[in-house]
There are 2 protein chains.
Amino acid sequence: MATIKDVAREARVSVATVSRVLNKHDNISLKTKLVVENAIEKLNYEPNMLGRNLRRSKSGMILALMPSISNPFYSQIVEGIEDIATKNNYTVLISGTDSNMDKENLYFNLLKQKLIDGVILMNTLQEPEFINTLAKKYAIIQCSEYSEEVDIPFISIDNKKASYDAIKFLIKLGHKDIALINSDEEFLYARRRKEGYIEALKESGISIREEFMGQVGLGFDNGRRMVKRLLKLEKPPTAIFAVSDILAIGAIKEIHEAKLRVPEDIAVIGFDNIEFANMSTPSLTTIAQPMYQIGCEATKMLLKRIDNIDTKIDNLILDYNLIIREST
Amino acid sequence: MATIKDVAREARVSVATVSRVLNKHDNISLKTKLVVENAIEKLNYEPNMLGRNLRRSKSGMILALMPSISNPFYSQIVEGIEDIATKNNYTVLISGTDSNMDKENLYFNLLKQKLIDGVILMNTLQEPEFINTLAKKYAIIQCSEYSEEVDIPFISIDNKKASYDAIKFLIKLGHKDIALINSDEEFLYARRRKEGYIEALKESGISIREEFMGQVGLGFDNGRRMVKRLLKLEKPPTAIFAVSDILAIGAIKEIHEAKLRVPEDIAVIGFDNIEFANMSTPSLTTIAQPMYQIGCEATKMLLKRIDNIDTKIDNLILDYNLIIREST
DNA sequence: TTGTACGCGTTATCAA
DNA sequence: TTGATAACGCGTACAA
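Residues numbered from 1 in each chain as written. Chains lettered and ligands numbered in written order. Predicted model: local features only at pLDDT ≥ 70, side-chain atom pairs only at ≥ 80, totals over all residues. Heavy atoms only, no water.

Student: I tried to follow the relation of the copies chain A and chain B on my own but got confused; where do I start?
Tutor: Mapping chain A onto chain B calls for a screw motion: a turn of 180 degrees about the axis and a shift of 0.1 Å along it, with 0.1 Å RMSD after fitting. On the angle and the small slide along the axis, the relation comes out as a two-fold axis. Measuring from the rotation axis to each C-alpha of chain A, the shortest distance belongs to A:Leu93, at 2.7 Å. A high fraction, 100%, of the interface residues of chain A reappear at the interface in chain B, so the copies pair face to face through one surface. (Least-squares fit on C-alpha atoms with pLDDT ≥ 70 in both. Contact = heavy atoms within 4.5 Å.)

Here is the structure:
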């Protein structure tokens, strides 16, 4: 394995000169530049990043931390992150924490160990103070889901308004009995979407029915269970708004199980527009967040932060889209 | 940021001693060990991995390279990889190449740059010679999909036999007109599964019909298109074996579109047992590979290889399972 | 059992 | 425009 020394010897110059060529400094004569480049080619030299990283005290790696990498919700965000990162010569480390604190801490340690230069945080159960302390020394950005008590920049959509729009759409279709399958309200987005749900109903003079609102985990089965409960009601809903497509697909499964039809008997709206939303039967009406763009912008924010940890960075709220398909 | 020097000063010992404590050498007195550990705690010291990595000429990182990280097929494999890697103090870099050669090469370069210690290769379009050359100098393992012309260890299942079993199962249910939605036969697994399909039919005295076999891409829409074609036949099939769950789900979607029922009019079997196979309506009969275990074993093989590039490592063929659900 | 001193491969400072 | 040399933080051979 050739090192910079070998190249220098081969080109009969100093290692400093080789380094300058490598890093495209401009104060170098064309002649020696060519000589060096020839030597590099001849020796098949590749810079050893371990040396460079130590010297620069940078790893050139950023971490995208999310609860689960298999959750299709994050796929496009990750694409955005990777595109911007690659363009800026960073490598992206993608990791799922299973919402497990120990695992999360393992990854946060990479910051202290200098193995990553920054973190894009999708959704964490850490205490706000913990993140705040960390963010004083390291570059961290909140992406998609965030906490208001955490004092670092975030990027997201207006969850309340999105939810409001979804419900308004159902009302326009003639629905009055609309259920909400929400996820745990410890999450900000869940609280916001509930607010939008309530506001839309109130505005249309529809009374809020407690038995129509459920707080469940994010899994497919939770969607099913919630519908099972709803169908046992004396007057079941004619429409359901689920805060994730997976929950919505679970809901549809259970509705079919009960020999009812979607959307004829019960309409269903999801959230996220994951790839499968278009594949399910019936295809799913849902709210699409600009995932790819969210990933891009989050990364740009992070890189700014890495370059200068003291930059003031503004939060970003992006637009969303209601995508109407067969389930409504 | 405290360094090993600071710790040494604080503990009034040499950096060598601190290093020994850090690396759990045994030739060190309990007393100094305690002193050093106190200093580490007091200064909140974390080893700088950039220094350690350079010195050891290792990055402690392995790469899991697959066509697409959003393909749920790989999720559990990745889990296995991460578990074993973490247990051995490695960090896993997960990357999707979109079957794009440029992107792939970018990642292979990480090997030369010393940023990764080895690669678990899921599915690549690279020429066998390219991989072979690379594998002489670097630790590489083939996982799940592999090439027979590549001379590095692989881990997989018996795709021919799995396919054979699926078809035999359909025949046992009374089906005679069985279609095959295969993926591109440039892939070994596609060729193998076709062999199994043909062998099962022949063995049961069912003649092979060319118009029942299709080679398509892996996307959902390809499953739909293929079914569209099959339904136009004078005598359409009564059962379909799709070589991936996504294709199978696409097929079902199109069957429903044609106002036919699954499995009453047409039975469908998939392959992979992705999470959604159990969520779709009807739930999908499919072949389950031991993904998690595949990931674990692949990683063990790779780590062996990293420790000693010259070890002879045996290939591994694991078992699979036919999971019977509603679609048959 | 402990310390001294060198080197891993690179970049950056300073002087020429 | 170029070169000599000192770091970056760590691990280890060798000596004590």
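Student: When you look at the protein's contact with DNA strand C in this model, what are you seeing that I'm missing?
Tutor: Around DNA strand C sit 25 residues in total, of which A:Ile4, A:Tyr45, A:Arg55, B:Thr17 and B:Arg20 are the nearest. A breakdown of the atoms of DNA strand C within 4 Å of the protein gives sugar and phosphate a share of 61%. Between DNA strand C and the protein, one listed contact pairs a phosphate oxygen with a backbone N or O atom of A:Ile4 at 2.5 Å. Within the side chain of B:Thr32, one N or O atom sits 2.8 Å away from a phosphate oxygen of DNA strand C. Listed by contribution, the elements that provide at least two residues to the surface near DNA strand C are helix H2 (15-22) and helix H4 (49-56) of chain A together with helix H2 (15-22) and helix H4 (49-56) of chain B. No other element matches H4(A), which puts 5 residues into the surface near DNA strand C. Of the residues in the surface near DNA strand C, the class split is 9 nonpolar, 10 polar and 6 charged. (Near = heavy atom within 4 Å. Polar contact = N/O pair within 3.5 Å; in protein donor to acceptor, adjacent residues only side chain to side chain. Helix = DSSP H or I, 4+ residues; strand = E, 2+ residues; numbered from the N terminus. Nonpolar A, V, L, I, M, F, W, Y, C, P; charged D, E, K, R; others polar.)

Student: Just checking my understanding: could you explain unusual backbone geometry for this structure?
Tutor: Trans peptide bonds make up most of the peptide bonds, and negative phi angles are found at most residues other than glycine. All names here are of chain A. In the segment running from Thr281 into Pro282, the intervening peptide bond is cis, with an omega of -5 degrees. Within the element layout of this structure, Pro282 appears in the loop between strand E9 (267-271) and strand E10 (285-288). Phi is positive for Asn273, close to 55 degrees, though the residue is something other than glycine. Take Asn273: it is sitting in the loop between E9 and E10. Looking at Asn273, the relative accessible area reads 19%, which means it is buried. (Buried < 20%, exposed > 50% of the residue type's maximum accessible area, 1.4 Å probe, protein only.)

Student: How do you make sense of the protein's contact with DNA strand D when you look at a structure like this?
Tutor: Around DNA strand D sit 26 residues in total, of which A:Thr17, A:Arg20, B:Ile4, B:Tyr45 and B:Arg55 are the nearest. Here, DNA strand D places atoms within 4 Å of the protein, and 56% of those atoms are sugar or phosphate. In this structure, B:Ser19 approaches DNA strand D through a side-chain N or O atom, which is 3.0 Å from a phosphate oxygen. Here a phosphate oxygen of DNA strand D and a side-chain polar atom of B:Asn23 are 3.3 Å apart.

Student: Please clarify how the pairing of strand E9 (residues 267-271) of chain B should be interpreted in this entry.
Tutor: It is a general feature of regular strands that their side chains alternate between the two faces of the sheet. Residues and elements named next belong to chain B. Taken across its 5 residues, E9 has 5 buried, putting it largely inside the fold. Burial of E9 is two-sided: the residues Ala267, Ile269 and Phe271 facing one way and the residues Val268 and Gly270 facing the other way are all buried. Strand direction decides the pairing type here: strand E8 (residues 239-242) and E9, joined by 3 bridges, are parallel. Bridge assignment links Ala239 to a residue of E9, and that residue is Ala267. Crossover handedness for the path E8 to helix H11 (residues 245-257) to E9: right-handed. (Pairing = 2+ DSSP bridges. Right-handed = clockwise from strand over helix to strand, strands pointing away.)

Student: Before we go on, may I ask you to explain the sheet that holds strand E3 (residues 118-121) of chain A in this structure?
Tutor: The strands that make up a sheet are held in pairs by hydrogen bonds between backbone atoms, and each pair lies either parallel or antiparallel. Residues and elements named next belong to chain A. The 6 strands are arranged E2-E1-E3-E4-E5-E11 in an open sheet whose pairing can be described as parallel. Whereas interior strands pair on both sides, the edge strands pair on one side only; in this sheet they are strand E2 (91-96) and strand E11 (316-318). Taking the axes of each pair of neighbouring strands and ignoring which way they run, one obtains an average angle of 20 degrees across the sheet. Bridge count for strand E4 (residues 139-143) against strand E5 (residues 154-157) is 2 bridges, and the pairing is parallel. In the strand pairing of E5, Cys143 is matched with Ile155. Helix-sheet contacts for helix H12 (residues 291-307) involve strand E1 (61-66), E3, E4, E5 and E11, and the interaxial angle to E4 is about 160 degrees. (Axes fitted to C-alpha atoms, helices over the stretch in contact; angles between N-to-C directions.)

Student: It is not clear to me how the interface of chain A and chain B should be interpreted in this structure. Could you clarify?
Tutor: Facing the 48 residues of chain A at the interface are 48 residues of chain B. Summed over both partners, the interface of chain A with chain B buries about 4100 Å², with 65% contributed by carbon and sulfur atoms. In this structure, B:Glu326 and A:Lys253 form a salt bridge, with 3.6 Å as the shortest nitrogen-oxygen distance. If you look at where chain A meets chain B, you find 4 residue pairs in polar contact (both at pLDDT 80 or more). Residue assignment for the side of chain A that touches chain B shows that the elements contributing at least two residues are H4, helix H5 (75-87), E2, helix H6 (101-112) and helix H11 (245-257) of chain A. Of the residues assigned to the side of chain A that touches chain B, the class counts are 23 nonpolar, 17 polar and 8 charged. (Buried area = accessible area lost by both parts, 1.4 Å probe. Salt bridge = Lys/Arg side-chain N within 4 Å of Asp/Glu carboxyl O.)

Student: How should I be thinking about the packing of helix H1 (residues 4-11) of chain A against H2(A) in this particular structure?
Tutor: In a packed pair of helices, the relevant descriptors are the angle between the two axes and the axis-to-axis distance. Residues and elements named next belong to chain A. Where H1 meets H2, the axes come as close as 8 Å, and the angle between the chain directions of the two elements is 105 degrees. If you check the angle between H1 and H2, you find them roughly perpendicular. Contacts from Ile4, Lys5, Val7 and Ala8 of H1 reach H2 at Val15, Val18, Ser19 and Leu22. Grouping the amino acids of the contact of H1 with H2 by side-chain chemistry returns 6 nonpolar, 1 polar and 1 charged. (Parallel < 35°, antiparallel > 145°, perpendicular 65-115°, else oblique.)

Student: How should the domain arrangement of chain A be read in this particular structure?
Tutor: By convention, interface size is frequently given as the accessible area that disappears when the constituent parts associate. What the domain assignment lists for chain A is domain 1 (4-47), domain 2 (60-157 + 291-318) and domain 3 (159-288). Spacing between the C-alpha centres of domain 1 of chain A and domain 2 of chain A amounts to 37 Å. (Domains from an automatic or database assignment.)

Student: Is there a simple way to explain the packing of aromatic side chains in this structure?
Tutor: By convention here, two paired aromatic rings are described through the distance between centres and the angle between planes. Following the criterion strictly, the structure yields 11 aromatic pairs over all chains and no others. Residues A:Phe73 and A:Tyr74 carry aromatic rings whose centres are separated by 4.8 Å and whose planes lie at 80 degrees to one another, so their mutual orientation is edge-to-face. By the burial criterion, A:Phe73 is buried, and A:Tyr74 matches it. Ring geometry for A:Phe241 versus A:Phe271: centroids 6.3 Å apart, planes at 45 degrees, classification tilted. Linking A:Phe241 in strand E8 (residues 239-242) with A:Phe271 in strand E9, this pair joins segments that are 30 residues apart in sequence. On the accessibility criterion, A:Phe241 (0% relative accessible area) is buried. A:Phe271 gets classed as buried once you look at its relative accessible area, which sits at 0%. The ring of B:Phe271 has B:Arg193 sitting right over it, with the charged end atom 3.5 Å from the ring centre. Of note, B:Arg209 hangs over the ring of B:Phe212, and the distance from its end group to the ring centre comes to 4.1 Å. (Phe/Tyr/Trp six-rings, centres within 6.5 Å; stacked < 30°, edge-to-face > 60°. Lys NZ or Arg CZ within 6 Å of the ring centre and 35° of its normal.)

Student: Sorry if this is basic, but what is going on with the environment of A:Glu149 here?
Tutor: Residue and element names in this part refer to chain A. Relative to the elements of secondary structure, Glu149 occurs in the loop between E4 and E5. Glu149 gets classed as exposed once you look at its relative accessible area, which sits at 59%. For Glu149 and Glu129, which are 20 residues apart along the polypeptide, the C-alpha to C-alpha distance reads 8.3 Å. Setting aside anything within four residues of it in sequence, one finds Glu149 in contact with Pro128 and Asn132.

Student: Honestly, the environment of A:Ala11 in this entry has me stumped. Any pointers?
Tutor: All names here are of chain A. One can find Ala11 in helix H1. In this structure the C-alpha to C-alpha distance between Ala11 and Glu37, which are 26 residues apart in sequence, comes to 8.6 Å. In this structure Ala11 touches Val35, Val36 and Ala39, once residues within four positions along its chain are discounted.

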